[in-house]
Amino acid sequence: MKRGVEHRVEYMKKISLVLILGIFLALSACAQIPFLDRFQGQVTETAPTAIKTKIAPTQTATPGSPEKEKASLTIWVPPQFDPQGPTSSGELFQARMDEYLSEHPSLTIDVRVKDLSGPGGILDTLRTARDAAPLVLPDVIALPRSLMETAAGEDLIAPFGEYAGQFEGKDWYSFADQLARIDEEVYGIPFAADILIFAYKTDSLESSPGSWEELLSNPKPMAFPASDPQAFVTFAFYKSAGGNIASLNQSYVIDRSPMMEVLSFYQEARQVEVMPYWITQFETDEQAWNAYTERQATQVVTWISNYLQTEPTNTSLGALPTSEGRAFSYATGWVWSIVNKGPDQLNLSTEFIDYLTEDRYLAEWNAEAGFVPPLSSSLALWLTEDMERTLFERILPATTLIPSEKIQEQVGPILQEAVILVLKGQLDPEEAVSQIQEALPDR
């Protein structure tokens, strides 16, 4: 039995020796296989990198991180402000955006050109996108005052709210502050203004008449859109004479005395042919301006953009004549408005708009685009040698915003009809004012 045990022990030793030898030979063979050698080396070297890569997305997934996704702004502008258009103002706009992008390399800006009206126009597209494709909504939109009012009324654009404070340090003219607001809420940041101005042929008049009396004392035909359904010029004369428009029971009330004064002025101007009956054919500012440039009239009340964008020869500018010669004008203009796409986008949008309303840039861009900058600090930079600084220093602080779209729609056509009848001699001023007052309560 002892021999049997010794035999088994001896046998186990032999088996163990064989196994150890087999393992040693297998390991030696593996060392001679090139592919396995490379695979083992890769695992050893790349394992730490693989772990870092796996963690990295978690680290870069924080909101607004440029490593995760690039921030972007979508801007809508009308064709006249196209940065790729054939205009020097477009080139300035593009250069300004390029400067901004160089300071914000993680940002992209997508500019889309949209018509102001019609199918596919700015408001039409905003309405459609809001309900059907909100992801294609813009962040920033260039709007004229009239469309800003409509867009705000339909909640297509957002009030600036707390973001408006970013622009409070700028030296806006009073009319620009009015241009920005609807019911005390800021819905747009002004970047271009247009004001009513008096232009005249220098070979016909020695100087600009400051008052209605001076205008009538040197009878020369004066053009303005007398049949304008918005009645801008008549509204301006009425406001300059101290008239106001009050709201009452969903309608509007005018002051009889100032309106009587305006229509009496029209009657006298018709009699001395400063306002000949044929100006009642002009419904648009463009028609009146063309009559002036074609010398049917030697003086005109017009928007200053007509003068700045055409630069006619033999023409000088003056303030709008008023009843007592006090400086006064009406203004409208363009604003940058925003769409509410969340706080991150609102912050990006307001920072971008702030960059586009810097005083020196506004002065340069408005000079090229043919508008007036809405900042007083831009005035000296904007004026050219041919334009008198004292004129605009006098006019701009005394300028106020045009009547609202609702007033234009309800009161404008009533004034239009009365003005036409007075200038054609078919109604006297007292009858015309009574007609206006009778028509208003029924609106």
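Our structure's up above, just so we're on the same page.
Residues numbered from 1 in each chain as written. Predicted model: local features only at pLDDT ≥ 70, side-chain atom pairs only at ≥ 80, totals over all residues. Heavy atoms only, no water.

K.L.:
Honestly, the nonpolar core in this entry has me stumped. Any pointers?
P.N.:
Nonpolar side chains tend to gather and get buried jointly when the protein is soluble and globular. With 99 residues, the main nonpolar core has Tyr-266, Met-275 and Phe-392 as its most contacted residues. In this structure Tyr-266 touches Phe-224, Val-233, Thr-234, Phe-237, Met-275, Val-419, Val-422 and Leu-423, once residues within four positions along its chain are discounted. Membership of the second largest hydrophobic core comes to 35 residues, among which are Ile-75, Phe-93, Met-97 and Ala-180. (Core = buried A, V, L, I, M, F, W, Y, C linked by side-chain atoms within 4.5 Å. Buried < 20%, exposed > 50% of the residue type's maximum accessible area, 1.4 Å probe, protein only. Contact = heavy atoms within 4.5 Å.)

K.L.:
Which parts of the structure should I look at to understand the packing of helix 8 (residues 232-240) against helix 9 (residues 256-271)?
P.N.:
The relative placement of two packed helices is expressed as an angle between their axes plus a distance between the axes. One way to put it is that helix 8 packs onto helix 9 with a least axis distance of 9 Å and a crossing angle of 120°. The orientation of helix 8 with respect to helix 9, classified from their angle, is oblique. Relative to helix 9, helix 8 is oriented so that their crossing is right-handed. Listed contacts from helix 9 to Val-233, Thr-234, Phe-237 and Tyr-238 of helix 8 are Pro-258, Met-259, Val-262, Phe-265 and Tyr-266. When grouped by side-chain class, the residues that make up the contact of helix 8 with helix 9 number eight nonpolar, one polar and no charged. (Axes fitted to C-alpha atoms, helices over the stretch in contact; angles between N-to-C directions. Helix = DSSP H or I, 4+ residues; strand = E, 2+ residues; numbered from the N terminus. Parallel < 35°, antiparallel > 145°, perpendicular 65-115°, else oblique. Left-handed = near helix turned anticlockwise from the far one by under 90°. Nonpolar A, V, L, I, M, F, W, Y, C, P; charged D, E, K, R; others polar.)

K.L.:
So what exactly am I meant to see when it comes to the packing of aromatic side chains here?
P.N.:
The geometry of two aromatic rings is summed up by the distance between their centres and the angle between their planes. By the definition in use, this model includes 23 aromatic pairs. Measuring from centroid to centroid gives 4.8 Å for Phe-81 and Trp-334, while their planes differ by 75°, and the two rings are edge-to-face. Remark: Trp-334 occurs in strand 12 (residues 329-338) and Phe-81 occurs in the loop between strand 1 (71-77) and helix 3 (88-103); sequence separation between them is 253 residues. The exposure class assigned to Trp-334 is buried, which follows from its relative accessible area of 8%. Centroid distance Phe-237 to Tyr-266: 6.2 Å. Interplanar angle 80°. Geometry classified as edge-to-face. Taken as a pair, Phe-237 in helix 8 and Tyr-266 in helix 9 lie far apart in primary sequence, 29 residues in all. Tyr-266 matches Phe-237 in its accessibility class, with the two residues each being buried. One aromatic cluster is present, formed by Phe-81, Phe-93, Phe-191, Trp-334, Trp-336, Trp-365 and Phe-371 through successive ring pairs. Of note, Arg-96 hangs over the ring of Tyr-355, and the distance from its end group to the ring centre comes to 3.7 Å. Sitting above the plane of the Trp-76 ring, Lys-114 keeps its charged end 4.9 Å from the centroid. (Phe/Tyr/Trp six-rings, centres within 6.5 Å; stacked < 30°, edge-to-face > 60°. Lys NZ or Arg CZ within 6 Å of the ring centre and 35° of its normal.)

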